[in-house]
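This is what each chain is made of:
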Amino acid sequence: GQSLEQPSEVTAVEGAIVQINCTYQTSGFYGLSWYQQHDGGAPTFLSYNALDGLEETGRFSSFLSRSDSYGYLLLQELQMKDSASYFCAAYSGNTGKLIFGQGTTLQVKP
Amino acid sequence: EAGVVQSPRYKIIEKKQPVAFWCNPISGHNTLYWYLQNLGQGPELLIRYENEEAVDDSQLPKDRFSAERLKGVDSTLKIQPAELGDSAVYLCASSLRGSGEQFFGPGTRLTVL
């Protein structure tokens, strides 16, 4: 089957760094996406990794290791507004399908 | 540039009633997706369109759900009749082509009583 595993909850303090891990098992894997979703809001695209390595976009970075079927989202200099749910999603180019994980709820405390 | 537009934002109906959701994707985006999201879970794909063609509807419960994308732009998702278990958020997304980068609308929160 196709599945993604990520922690259900993470808590960190303002200004800290947090890493949200994601392991996947999907057929026809092309790349790993990350989305942010605030309560009651729409999922918002953060990043997409098709190649191994680290991609940096401002305070957020995303990493992929295809050999380990593993990726992570790194959030630096945490702000209160970063409190949200974060989803990893595996993209299959064969099917054009994006399979989402169950999401990680990040709570940033003062 | 306008984002993905969905309406209504909220809908409350009684079971066995029909309901329809509308989506207007980002201009120029050929690929349109309908997802279902239950509380505390990730979005699950219901159907994917490439232009006006439904290329993946394997997860759409076809006994009660239907969708259309006339002229390859706007799309409508219908449920008839609705069941209690259909209560969820229905998200529409679009992309230039099949992609890991998709743009989501605000969703329609459906409550079936």
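Computed from a prediction, not measured in an experiment: that's the story for all the values here. (Residues numbered from 1 in each chain as written. Chains lettered and ligands numbered in written order. Predicted model: local features only at pLDDT ≥ 70, side-chain atom pairs only at ≥ 80, totals over all residues. Heavy atoms only, no water.)

Asks: Now, about the sheet that holds strand β8 (residues 70-75) of chain A: what can you tell me, with residues and values included?
Replies: Picture the strands of a sheet paired through backbone hydrogen bonds; they go either parallel or antiparallel. Residue and element names in this part refer to chain A. Taken in spatial order, the 5 strands line up as β1-β3-β8-β7-β6 in an open sheet, and their pairing is antiparallel. A strand with exactly one partner marks an edge of an open sheet, and here the two such strands are β1 (3-5) and β6 (53-57). Strand-to-strand twist in this sheet, taken as the mean axis angle between neighbours without regard to direction, amounts to 20°. By the bridge criterion, 6 bridges tie strand β3 (residues 18-25) to β8 in an arrangement that is antiparallel. Considered in β8, the bridge of threonine 23 is made with tyrosine 70. (Pairing = 2+ DSSP bridges. Helix = DSSP H or I, 4+ residues; strand = E, 2+ residues; numbered from the N terminus. Axes fitted to C-alpha atoms, helices over the stretch in contact; angles between N-to-C directions.)

Asks: Let's hear about the environment of glutamine 36 of chain A: which residues, and what values?
Replies: Residues and elements named next belong to chain A. With respect to the secondary-structure elements, glutamine 36 resides in strand β4 (residues 29-37). In this structure, the C-alpha to C-alpha distance between glutamine 36 and phenylalanine 87, residues 51 residues apart in sequence, is 6.4 Å. Those residues in contact with glutamine 36 that sit more than four places away from it in its chain are Ala42, Pro43, Thr44, Leu46, Phe60, Asp82, Ala84, Ser85 and Tyr86. There is a polar contact of 2.9 Å between the side chain of glutamine 36 and the side chain of tyrosine 86. (Contact = heavy atoms within 4.5 Å. Polar contact = N/O pair within 3.5 Å; in protein donor to acceptor, adjacent residues only side chain to side chain.)

Asks: Provide a residue-level description of the side chain of serine 99 of chain B, including the pertinent values.
Replies: Note that serine 99 of chain B resides in the loop between β9 (88-95) and β10 (103-104). A polar atom in the side chain of serine 99 of chain B sits 2.8 Å from the backbone nitrogen of glutamate 101 of chain B. Non-local contacts of serine 99 of chain B, meaning those with residues more than four positions away in its chain, are made with Tyr91 of chain A together with Tyr33 of chain B.

Asks: With reference to specific residues and values, describe the state of the cysteines.
Replies: Residues and elements named next belong to chain B. Following the criterion strictly, the structure yields 2 disulfides over all chains and no others. A disulfide bridge connects cysteine 23 with cysteine 92, and the sulfur atoms are separated by 1.9 Å. As the torsion about the S-S bond is roughly -70°, the cysteine 23-cysteine 92 disulfide counts as left-handed. On the criterion of sequence distance, the pair formed by cysteine 23 in strand β3 (residues 19-24) and cysteine 92 in strand β9 is long-range, its members being 69 residues apart. Grouping residues by exposure puts cysteine 23 and cysteine 92 together as buried. (Disulfide = S-S within 2.5 Å. Buried < 20%, exposed > 50% of the residue type's maximum accessible area, 1.4 Å probe, protein only.)

Asks: Give a detailed account of unusual backbone geometry, specifying residues and quantitative values.
Replies: Here the amide bond leading from serine 7 of chain B into proline 8 of chain B is cis, since omega sits at -5°, within 30 degrees of zero. Along the chain, proline 8 of chain B falls in the loop between β1 (5-7) and β2 (10-13). Residues other than glycine seldom take positive phi values, yet glutamate 77 of chain A does so here, at roughly 45°. Relative to the assigned elements, glutamate 77 of chain A resides in the loop between β8 and β9 (84-92). Its identity as a non-glycine residue notwithstanding, lysine 16 of chain B has a phi of 80°, on the positive side.

Asks: Could you give me a rundown of the pattern of salt bridges, with the residues and numbers involved?
Replies: With the rule as written, the count across this model stands at 6 salt bridges over all chains. A salt bridge links arginine 59 of chain A to aspartate 82 of chain A, with the shortest nitrogen-to-oxygen separation between them at 2.8 Å. Here the residue arginine 59 of chain A occupies a position in the loop between β6 and β7 (60-65), and aspartate 82 of chain A occupies one in the loop between β8 and β9, the gap between them amounting to 23 residues. Residue classification places aspartate 82 of chain A among the buried residues on the basis of a relative accessible area of 2%. As a salt-bridge pair, arginine 64 of chain B and glutamate 83 of chain B come within 3.3 Å of each other at their nearest N and O atoms. Note that arginine 64 of chain B is positioned in the loop between β6 (53-56) and β7 (65-68) and glutamate 83 of chain B in the loop between β8 (75-79) and β9, a separation of 19 residues in sequence. Classification of arginine 64 of chain B by relative accessible area gives buried; the value is 12%. Since its relative accessible area comes to 41%, glutamate 83 of chain B is described here as partly exposed. (Salt bridge = Lys/Arg side-chain N within 4 Å of Asp/Glu carboxyl O.)

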